[in-house]
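Residue strings, one per chain:
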Protein chains: 2
Amino acid sequence: MLPIGTLAKRTGTKVQTIRYYEQIGLLPEPGRTEGGQRRYGDKDLDRLAFIRHSRQLGFSLEAIRELLELSDSPERSCAQVDAVAHRQLREVEARIDRLEALRSELRRMISECSADRVADCRILEVLRDHEECLADHHATGA
Amino acid sequence: MLPIGTLAKRTGTKVQTIRYYEQIGLLPEPGRTEGGQRRYGDKDLDRLAFIRHSRQLGFSLEAIRELLELSDSPERSCAQVDAVAHRQLREVEARIDRLEALRSELRRMISECSADRVADCRILEVLRDHEECLADHHATGA
DNA sequence: ATACAAGCTACAGTGGGTAGAGGTTCAAGA
DNA sequence: TCTTGAACCTCTACCCACTGTAGCTTGTAT
């Protein structure tokens, strides 16, 4: 039975994060010692590893919750798993598109500025006047 | 003199966001009517437009604060403005790189799964076992 | 005079954690 | 067995950039 610090090291997770996952119901409440310290088994290790790997691939905790539930019913069709993964892929692709648009805007802006003084700086001018605002008014994921 | 709702519409900002910008000192405290309602002038409109354009390009509020300060001293060299813009460009490029890595991982994962049942699902398997974890343990910007 | 849209303040919540205060427990060495 | 000290515990607040709500007040048009 592993204490929380060991679980943390093995999975590359912070101790607080593990407790946070427990708090939001992503990890089950583990057993405790008489003194009240958490003790984990291999199943917990696997589950946490699953969560961390999924996070590394950009899945939200809600999506991970869904994947974990699905993986608990091994006889079901995996179409739903596929759907979650595709959704994630689409989200990543959308973020890339958005960031690539930003990148070219920034590059253009920077390349146009050859001024010395702030008063003539093209960068600031673009930021002030920026006519062709980017399509939407959403956040940029900054 | 414009009330806050008009300013909001003209700049594509929510009313609460304008009050938030004021609260954190990004917008100056405007004049008020006798009854206590905010009234804005053209300078405020310009400043808010600058902020929104910069946000659309992904600049953080801290970076915007810096840009606004710089643009208040028109005789200074614009090298610092350039530096802020370049820093932003590098951040965007880094995020793109990261997301492109995620995208290919996701694509590979999805393409490998041709199972019917959750029990044989390659996607879940990859999430469980994912050996070659991506380089770092940072957040993904999700 | 009245109706009602639009304004006001203050506080809570989002996602995904992270940091710290202040106290307790576990395990190893003497 | 005692003592040390690292690791654990709970609870709370903080990060970013907003967004939403409750409950009230003000401005404006008719």
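For clarity, every value in this text was computed on a predicted model and none was experimentally measured. (Residues numbered from 1 in each chain as written. Chains lettered and ligands numbered in written order. Predicted model: local features only at pLDDT ≥ 70, side-chain atom pairs only at ≥ 80, totals over all residues. Heavy atoms only, no water.)

Asker: Sorry if this is basic, but what is going on with the state of the cysteines here?
Answerer: Scanning all chains against the criterion turns up zero disulfides over all chains. Take C78(B): it sits in no disulfide, and the sulfur closest to it among the cysteines is that of C121(A), at 3.8 Å. Looking at the unpaired C113(B), the closest cysteine sulfur is the one in C121(B), lying at 3.6 Å. (Disulfide = S-S within 2.5 Å.)

Asker: How should I be thinking about the domain arrangement of chain A in this particular structure?
Answerer: Size of an interface, as often reported, equals the accessible area lost when the parts are brought together. Here chain A is described as being made up of domain 1 (2–59) and domain 2 (85–129). For domain 1 of chain A versus domain 2 of chain A, the separation of C-alpha centres amounts to 39 Å. (Domains from an automatic or database assignment.)

Asker: When you look at the packing of helix α2 (residues 15–23) of chain A against helix α3 (residues 42–56) of chain A in this model, what are you seeing that I'm missing?
Answerer: Helix packing geometry: the angle between the two helix axes and the distance between the axes. Residues and elements named next belong to chain A. Taken N-terminus to C-terminus, the directions of α2 and α3 make an angle of 100°; their axes are 12 Å apart at the nearest point. Here α2 is positioned roughly perpendicular relative to α3, judged by the angle of their axes. Within the contact between the two elements, α2 uses T17, I18 and Y21 and α3 uses L48, I51, R52 and R55. The class makeup of the residues in the contact of α2 with α3 is four nonpolar, one polar and two charged. (Axes fitted to C-alpha atoms, helices over the stretch in contact; angles between N-to-C directions. Helix = DSSP H or I, 4+ residues; strand = E, 2+ residues; numbered from the N terminus. Parallel < 35°, antiparallel > 145°, perpendicular 65-115°, else oblique. Contact = heavy atoms within 4.5 Å. Nonpolar A, V, L, I, M, F, W, Y, C, P; charged D, E, K, R; others polar.)

Asker: Explain the protein's contact with DNA strand D to me, please; I cannot follow it from the model alone.
Answerer: Looking at DNA strand D, there are 20 residues lining it, with G5(A), R19(A), Y21(B), T33(B) and R55(B) nearest. Taking the atoms of DNA strand D that fall within 4 Å of the protein, sugar and phosphate contribute 83% of them. Here R19(A) contributes a side-chain N or O atom positioned 2.4 Å from a phosphate oxygen of DNA strand D. In the environment of DNA strand D, a phosphate oxygen lies 2.9 Å from a nitrogen or oxygen atom belonging to the side chain of T17(B). For the surface near DNA strand D, the secondary structure elements donating two or more residues are α1 (4–11) of chain A together with α2 (15–23) and α3 (42–56) of chain B. No other element matches α2(B), which puts four residues into the surface near DNA strand D. A breakdown of the residues in the surface near DNA strand D according to their chemical character gives five nonpolar, nine polar and six charged. (Near = heavy atom within 4 Å. Polar contact = N/O pair within 3.5 Å; in protein donor to acceptor, adjacent residues only side chain to side chain.)

Asker: Any chance you could explain the UniProt feature "domain: HTH merR-type" (unreviewed entry) in chain A here in plain terms?
Answerer: The feature "domain: HTH merR-type" (unreviewed entry), as given by UniProt, occupies residues 1–70 of chain A in the numbering adopted here. Helix makes up 60% of residues 1–70 of chain A and strand 10%, with an end-to-end C-alpha separation of 27 Å. (UniProt positions renumbered as here; feature names shortened; annotations may be inferred.)

Asker: Where do I start with the packing of aromatic side chains in this structure?
Answerer: Each aromatic ring pair is specified by the distance between its two centres and by the angle formed by the two planes. Counting across every chain of the model gives two aromatic pairs over all chains. Pairing Y20(A) with Y21(A) gives two aromatic rings, centres 6.0 Å apart and planes at 45°, and the pair type is tilted. (Phe/Tyr/Trp six-rings, centres within 6.5 Å; stacked < 30°, edge-to-face > 60°.)

Asker: Is there a simple way to explain the relation of the copies chain B and chain A in this structure?
Answerer: There are two copies of the chain, and a rotation about an axis plus a shift along that axis relates them. When chain B is brought onto chain A, the operation consists of a screw motion whose angular component is 180° and whose axial shift is 0.0 Å, with 0.1 Å RMSD remaining. Given the turn and translation reported, the copies of this chain are related as if by a two-fold rotation axis. For chain B, the smallest separation between a C-alpha atom and the rotation axis is recorded for I96(B), amounting to 3.0 Å. Interface residue correspondence from chain B to chain A reaches 100%, placing this contact among same-surface, isologous pairings. (Least-squares fit on C-alpha atoms with pLDDT ≥ 70 in both.)

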